[in-house]
Amino acid sequence: MHRFAFVLPFGVLLSAAALAAALSVAPPVAATSMGVPAPAVAAASWLLVDVTSGQTLTASNADEHRDPASLTKLLTAYIVFGALRAKTIVPSQMVNVSERAWRAEGSRMFIEPRRAVSVDELLHGLIVQSGNDASIALAELVSGSEDAFVVTMNAEAKRLAMNESHFTNATGLTNPQHYSTAADLAKLATALIRDFPEYYPLYSQKEFRYNNITQPNRNRLLWTDPHVDGVKTGHTEAAGWCLIASALRGDRRVLAVVLGANSDAARAAEAQKLLNWGFQAFDTVQLYQSGKQVTTLRVWKGAVPEVPAGFLADRYLTLPKGKADQLTLTMQAQQPLIAPIARAQRIGTVKVALGGKPVAEFPMIALEEVPPASLAGRAWDTVRLWFQKD
């Protein structure tokens, strides 16, 4: 991770860490448009995202509807993690296994109706062993039935802006109305890593033993790349071989989604290729820190003459390696600024360019509230503004 200082056109020297924004007006452009050739990937659909900055580095057919297979279980786990955090279920809780869960098709952890199983064991069976039986048992525990759980799945998908996804089951078994996209699955995996850091380490566990059967995690990269710490594999006849892999090197996290590869080995190789390229070809720089003042702006008709300006949230930018010195930042303030001004009200914009080409812009906000001045003060500033226009 790098931090830089830049000179804005009006001559104020600012640390790049001080340039912040609550939301981007224009999201950072995909790095593929920054002149960096992407590797060829042998898969039906793929996407690589820098999780730290949120930028997509390369993608192909990323919005194409695909059978997600067991990648579905990321959403199943996301909802179960939420129930654990809300304490509606607890890890030590024992679960009676239904016949429906016991008879689940496909990959299984081999739970049995006559033997209660803990939530913690079911989570390991879901995540490490990719057990369809574990998925159904957890869905029934959280929502009463898998059908009711599916309603929650689709609601959560909508909340996470997975707008090209629809789910019909908690396992990933093929159904014409069960689909997602590489872009949506990247959003889901990113949200899981961000929202549930206490549970994410489960995705790096290499094996789990239950019912005297030891099964390995099917993510090959856990054995071959020490930086990879998740996240999930999937395979059906319709889906092909799928893998979402995430790696953390230093402060940077990069996530690859590979859908429809030709084999288990191919999905691992293609995901590794994308991860390596993402780390080797790009840097991620911190542009600002949340809540840090970058400047003050003149306020008219206010109880105070100036308002501190800054940004509400941290923001990072991913750019081709070695190009950070080509970044330029310009500030455009909204003038005249007339009170009252609310805290977090947008009062300007910071625009970022690389080599003269726009790559992002972020709204600058008021860090403090500015109430209106007295009647006399407002009248005086009205006269001053009138003369200023001349």
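Rules and cut-offs
- Residues numbered from 1 in each chain as written.
- Predicted model: local features only at pLDDT ≥ 70, side-chain atom pairs only at ≥ 80, totals over all residues.
- Heavy atoms only, no water.
- Axes fitted to C-alpha atoms, helices over the stretch in contact; angles between N-to-C directions.
- Helix = DSSP H or I, 4+ residues; strand = E, 2+ residues; numbered from the N terminus.
- Parallel < 35°, antiparallel > 145°, perpendicular 65-115°, else oblique.
- Left-handed = near helix turned anticlockwise from the far one by under 90°.
- Contact = heavy atoms within 4.5 Å.
- Nonpolar A, V, L, I, M, F, W, Y, C, P; charged D, E, K, R; others polar.
- Buried < 20%, exposed > 50% of the residue type's maximum accessible area, 1.4 Å probe, protein only.
- Pairing = 2+ DSSP bridges.
- Expected span 1.5 Å × (residues − 1).

**Q** How would you sum up the packing of helix H1 (residues 73–85) against helix H6 (residues 182–195)? Please name residues and give values.
**A** H6 packs onto H1 with a crossing angle of 25 degrees between their chain directions and a minimal axis gap of 10 Å. By the angle class used here, H1 and H6 are roughly parallel. Once H1 is placed against H6, the crossing between them reads as left-handed. Side by side, H1 and H6 meet where Leu 74, Leu 75, Ala 77, Tyr 78, Phe 81 and Arg 85 of the first sit next to Leu 188, Ala 189, Ala 191, Leu 192 and Asp 195 of the second. Classifying every residue of the contact of H1 with H6 gives 9 nonpolar, no polar and 2 charged.

**Q** Could you give an account of the side chain of Gln 272, with specific residues and numbers?
**A** Here Gln 272 shows up in helix H8 (residues 264–281). Here Gln 272 falls in the buried class, since its relative accessible area comes to 15%. Excluding residues within four positions of it along the chain, Gln 272 makes contact with Leu 221, Thr 224, Asp 225 and Arg 249.

**Q** Describe unusual backbone geometry, and please don't skip the residues or the numbers.
**A** Leave glycine aside and you will find that most residues have negative phi; peptide bonds, for their part, are mostly trans. In this structure, Val 231 follows Gly 230 across a cis peptide bond, with omega equal to 10 degrees. In this model, Gln 335 is joined to Pro 336 through a cis peptide bond whose omega is 0 degrees. Take Pro 336: it is sitting in the loop between strand S17 (327–333) and strand S18 (337–338). Non-glycine residue Ala 69 carries a positive phi angle of around 50 degrees. Inspection of the secondary structure puts Ala 69 in the loop between strand S5 (55–60) and H1. Exposure remark for Ala 69: the relative accessible area of 0% places this residue in the buried category. A positive phi angle, close to 70 degrees, is found at Phe 110, a residue other than glycine. Structurally, the position occupied by Phe 110 is in the loop between helix H2 (99–102) and strand S7 (117–118).

**Q** Requested: an account of the pairing of strand S13 (residues 282–288), with residues and values cited.
**A** Most of S13 is tucked away: 7 of the 7 residues are buried. Sheet analysis places S13 next to strand S16 (residues 315–320), joined by 6 bridges and oriented antiparallel. Paired with Asp 283 across the two strands is Leu 319, which belongs to S16.

**Q** I'd love a proper account of H8, names of residues and values included.
**A** Relative to the 26 Å expected for 18 residues at 1.5 Å per residue, H8 spans 26 Å between its end C-alpha atoms, a close match to the ideal helical length. For H8, the complete set of buried residues consists of Ala 266, Arg 267, Ala 268, Glu 270, Ala 271, Gln 272, Leu 274, Leu 275, Trp 277, Gly 278, Phe 279 and Ala 281.

**Q** Describe the pairing of strand S20 (residues 357–366), listing the residues and the values that go with them.
**A** Of all the 10 residues making up S20, 8 are buried; the element is thus mostly covered by neighbouring parts of the structure. Both strand S15 (residues 306–310) and S20 contribute to a ladder of 2 bridges, which runs antiparallel. Note that in S20 the partner of Ala 309 across the bridge is Ala 366. Hairpin connection between strand S19 (residues 346–354) and S20: a loop of 2 residues separates the two successive antiparallel strands, and Gly 355 in this loop has a positive phi of roughly 60 degrees.

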